[in-house]
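Read off the chains here:
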Amino acid sequence: MEVNDVLQNAPKNVQHSYVWQYFNEDITNSTVKCQLCTAVLKYNKNTSAMRNHLKMKHPLATASTSSIASTSEQRTAVSTGQRQTSIIDFSKRPVTDKRRQQITDLLINFVVKDVRPLSALSGEGFRDIMKFFEPGYKIPSHATLWSNIMHQYNTVKARIANEMKDKSVSLTTDLWTSCTMDPYINITAHYITDTWELKSRVLRTTIMPERHTAVNIAQRLKETIEEWDLVVFCTIHDNASSMNLAMELCEQFPHHLGCAGHTIQLAIKAGLHLPEIAKTTDAARRVVSHFRHSSVAVCALKKRQEQLGVKLHKLQNDCATRWNSTFTMLERLYEQRLPVQAVLADETVTKVGIRRSLAMRECQWELVEQLIPVLRPLAKATTIMCGENHVGLSFIYPVLLNMANNTLSANESDLAAICSFKNTVRKELITRFKLLSRLLAESIPITACMLDPRFKHLKFLPDDVREEAQAHLTQLVREDGEVEQPGATGEEEIADNVGVELAEASCKKARLESDFEQLFGAHFQSSSKKKRVNNSDAEDELRDYCQRTPHIPTMDNPLEWWAENAHLFPRLAKLSRSYLAIPATSTPSERVFSLAGNTVTRQRSSLLPSHVDALVFLNANQKSGKVDVILEDSE
């Protein structure tokens, strides 16, 4: 059949597409039949299959018709106003109030989440971008944006206050001075939710222009407690005398502890100040400083690293206020020993006078080699204790006692300087943490160990101290008459939350297990069996918990265990919510100051203190995951 005959015999369908000139429709079978080759195709109210068939099977026969029909369809669509909206036309649509608020919320999220100044929104380049994507939207003024930010601040604050209501809360606090020489005080809160999740929240980052005396610090803490209506159990702070006195003056604090990380660093610093150790670290520091300030030496070092097959790592200098930085400096320098010595020996790169002043003797390299394995577990202990997302207070004494008895014990192969370093640090830890004190059994960290199912048997303590600690916990259970009611939250909900946490933590367990085994020594547990018990009164509950249930692996999360067993030990569960929520260090507040340092910069030196507080608060307390935005209703 000729093409012209097909066009003449084509049915007068109401369809506009040119393909109907070549197909007949069978309504009963929902099919169409090609008039050129009699092929039968399925028809689902769409002409795509027919178009593809004509292009593939009959391209020459339909070429002229398809082009004419396509042009005709476009003209018809334009004349009738029926055409697909282009991206330019879409961007020119009017902006509804709901979409305008959505864009404003996203801009505020950009400022808060990425720690950007509001001036970034008024920049010419940013406004050009917004004009291209949303010409009908006008960026609000700074006053309007700050009003929206403060509205978000009040909303999030009310939600967190409601979440902390009637919870046993522990605080951390610290002081900081910004680049503009404005003094700030920060306070963070830590608590365990009804579903046994450990939460960390930033409460305040407020300016404190008055003198940092104990009375003034205590007054600031009291104001925060009253503002948030908190039930404070314990406060963690640094070891400054003004902080210690402020804790005594504040009546709302039943307990307070010094920062464990800071105390460990003071013990390490005492060992590093020994004459021979200090001389070696000073020599290492001079070498690192040379490579940090000489671009020629850095380029030569990179070439030597490639020639010797050494990792392309830069040398790192230490900082007096940065924990573990001396260990990091020595470890990196010893790793790069060969390329560093090669560069220093190269006369074309290093002058003779500089080479002589930087040369380290062989005995100093040997001292560095033996010092690194001693500092490494101390650095790991500090890092693990500084975590906010896991129970850390119960780590303190198992780790420290293992170090005092094993890691810091002198060996025959140790150099004399290493033996002196170990003995000095060991004595400092014993003195500062009162490891041999008769009051150790009643300390808060030991009670936290007993409430932590990983260490509840206290095998790291002598028998007499262990018995005293158990007697102290018994007294606490007797004094605490109230019983936590089980079943406040459904077991299914708890299981779901625990499952999500387990999935996220599984990849980290393998990496941390070796570190934990080194830190806890013989007290590290790799596996155990669960055993459920029933009890009636407080003494039976404590006895069943200590004797009839085994401890769990050290790598397990104790809060997950309590989520499953809180209904068996309701009195101990209530105490656990208070003790296991206490952080081991005050680093949560110090981390906030790193965020505050990115907020208060030289380019943003005119920020009001209230605005600094709001921005730091929202950034630190923002929800994880995607930001909730209001979706515009589709028309």
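All values derive from a computational prediction rather than experimental measurement.

1. So, the overall build of the protein chain
On a plain count of helices and strands, the protein chain comes out with 26 helices and eight strands. Relative to its 635 residues, the protein chain shows a buried fraction of 46%. For the protein chain, the share of sequence-separated contacts (at least 6 apart) that also reach a separation of at least 24 residues comes to 69%.

2. A short note on the sheet that holds strand β1 (residues 23-26)
Judged by pairing direction, the sheet is antiparallel, and its three strands sit side by side in the order β1-β2-β3 without closing on themselves. With partners counted over all chains shown, the strands left at the sheet margins are β1 and β3 (40-42), one partner each. The average angle at which neighbouring strand axes cross in this sheet is 30 degrees, direction not considered.

3. Regarding a nonpolar patch on the surface
Taken together, the side chains of I129, F132 and F133 present a nonpolar region at the surface, about 370 Å² in accessible area. By the element assignment, F132 lies in helix α6 (residues 124-133).

4. Remarks on the sheet that holds strand β7 (residues 231-237)
Taken in spatial order, the five strands line up as β6-β5-β4-β7-β8 in an open sheet, and their pairing is mixed. Only two strands of the sheet have a single partner each, and these edge strands are β6 (198-207) and β8 (255-258). Pairs of neighbouring strands in the sheet enclose a mean axial angle of 25 degrees, with direction left out of account. Note that strand β4 (residues 168-177) and strand β5 (residues 183-192) share eight bridges and pair antiparallel. Note on β5: the bridge partner recorded for T173 is I187.

5. Topic: the environment of D544
Following the sequence through the fold, D544 ends up in helix α22 (residues 538-548). With 25 residues separating them in the primary sequence, D544 and F569 have C-alpha atoms 8.8 Å apart.

6. Concerning the state of the cysteines
Applying the stated criterion across every chain, the model contains zero disulfides. Cysteine C37 is unpaired, with the sulfur of C34 as its nearest cysteine sulfur at 3.7 Å.

7. Some words on unusual backbone geometry
Look at W196: it is not a glycine, yet its phi comes out positive at around 60 degrees. When you line up the elements, W196 lands in the loop between β5 and β6. Given the relative accessible area of 4%, W196 is considered buried. Phi at D229 takes a positive value of approximately 55 degrees, unusual for a residue other than glycine. Position of D229 among the secondary structure elements: in the loop between α8 (214-228) and β7. Given the relative accessible area of 61%, D229 is considered exposed.

8. Points about the pairing of β5
Summarising burial for β5: ten of the ten residues are buried, a large majority. Bridge analysis of β5 against β6 gives nine bridges, and the strand direction is antiparallel. Looking at the pairing, I187 lines up with R204 of β6. Between β5 and the antiparallel strand that follows it, β6, lie five residues; W196 among them carries a positive phi value of about 60 degrees.

9. Topic: helix α13 (residues 325-335)
For α13, the complete set of buried residues consists of S325, T326, F327, M329, L330, R332 and L333. In this structure, the buried side of α13 is in contact with α10 (260-272), α11 (275-293), α14 (337-345) and α16 (362-385).

10. Notes on the side chain of S325
Note on placement: S325 falls in helix α13. In this view, S325 contacts D318 and C319; residues no more than four positions away in its chain are not counted.

11. Overview of the packing of aromatic side chains
Taken as a whole and judged by the stated rule, the model has 16 aromatic pairs. Here the aromatic rings of F110 and F126 are separated by 6.1 Å at their centres, their planes lie at 10 degrees, and the arrangement is stacked. Residue F110 is located in helix α5 (residues 97-113), and its partner F126 is located in helix α6; the two are separated by 16 residues in the primary sequence. Judged by centre distance (6.0 Å) and plane angle (15 degrees), the rings of W561 and F569 are stacked. Take W561 and F569: they sit in the same class, and that class is buried. Here the aromatic cluster, defined as three or more aromatic residues joined through ring pairs, consists of W196, Y545, W561, W562 and F569. Directly above the ring of Y545 sits K456, whose terminal nitrogen or CZ lies 4.5 Å from the centroid. Sitting above the plane of the W196 ring, R577 keeps its charged end 4.0 Å from the centroid.

12. Quick word on the packing of α13 against α16
Geometry of a packed helix pair, given as the angle between the helix axes and the separation of the axes. Packing of α13 against α16 leaves a shortest axis separation of 9 Å and a crossing angle of 135 degrees. Considering the angle they form, α13 stands oblique to α16. Considering how the two elements wind past one another, α13 and α16 form a crossing that is left-handed. Facing F327, L330, E331, L333 and Y334 of α13, the residues of α16 in contact are W365, V368, E369, L371, I372, L375, R376 and A379. Among the residues making up the contact of α13 with α16, the classes are represented as ten nonpolar, no polar and three charged.

13. Focus on the environment of K57
Take K57: it is sitting in helix α2 (residues 48-57). Of the residues examined, K57 reaches a relative accessible area of 58% and is grouped as exposed. The sequence separation of K57 and C37 amounts to 20 residues, and the corresponding C-alpha distance is 8.7 Å.

14. Side note on the pattern of salt bridges
Taken as a whole, this structure holds 24 salt bridges when the rule is applied. Across the pair R432 and E428 runs a salt bridge whose closest N-O atoms are separated by 2.9 Å. A residue pair is termed a helical-turn pair when its members lie 3 or 4 positions apart in one helix, as R432 and E428 do in helix α18 (residues 416-432) at four residues. The exposure class assigned to R432 is partly exposed, which follows from its relative accessible area of 41%. By relative accessible area, which is 23% here, E428 ends up partly exposed. E539 is the partner of R478 in a salt bridge, and the nearest nitrogen-oxygen pair spans 2.3 Å. Of this pair, R478 sits in helix α20 (residues 463-479) while E539 is found in helix α22, placing the two residues 61 residues apart along the sequence. On the basis of relative accessible area, R478 is assigned to the partly exposed category, the value being 48%. Connected through shared salt-bridge partners, D282, R285 and D318 make up one network.

15. Describing helix α19 (residues 444-451)
Of all eight residues that make up α19, eight are buried, and the element is covered over most of its length. All buried positions along α19 are accounted for by I444, P445, I446, T447, A448, C449, M450 and L451.

16. Focus: the packing of α19 against helix α24 (residues 570-579)
One way to put it is that α19 packs onto α24 with a least axis distance of 10 Å and a crossing angle of 130 degrees. By the criterion of interaxial angle, the relationship of α19 to α24 is oblique. Relative to α24, α19 is oriented so that their crossing is left-handed. Residues I444, T447, A448 and L451 of α19 lie in contact with α24, whose contacting residues are L572, L575, S576 and Y579. Here the residues of the contact of α19 with α24 sort into six nonpolar, two polar and no charged.

Reading guide: rules and limits
Residues numbered from 1 in each chain as written. Predicted model: local features only at pLDDT ≥ 70, side-chain atom pairs only at ≥ 80, totals over all residues. Heavy atoms only, no water. Helix = DSSP H or I, 4+ residues; strand = E, 2+ residues; numbered from the N terminus. Buried < 20%, exposed > 50% of the residue type's maximum accessible area, 1.4 Å probe, protein only. Contact = heavy atoms within 4.5 Å. Pairing = 2+ DSSP bridges. Axes fitted to C-alpha atoms, helices over the stretch in contact; angles between N-to-C directions. Patch = residues over 30% accessible without salt bridge, like charges linked within 9 Å, V, L, I, M, F, W, Y side chains within 5 Å. Areas by Shrake-Rupley, 256 points an atom, 1.4 Å probe, with all protein chains shown as cover. Salt bridge = Lys/Arg side-chain N within 4 Å of Asp/Glu carboxyl O. Disulfide = S-S within 2.5 Å. Phe/Tyr/Trp six-rings, centres within 6.5 Å; stacked < 30°, edge-to-face > 60°. Lys NZ or Arg CZ within 6 Å of the ring centre and 35° of its normal. Parallel < 35°, antiparallel > 145°, perpendicular 65-115°, else oblique. Left-handed = near helix turned anticlockwise from the far one by under 90°. Nonpolar A, V, L, I, M, F, W, Y, C, P; charged D, E, K, R; others polar.

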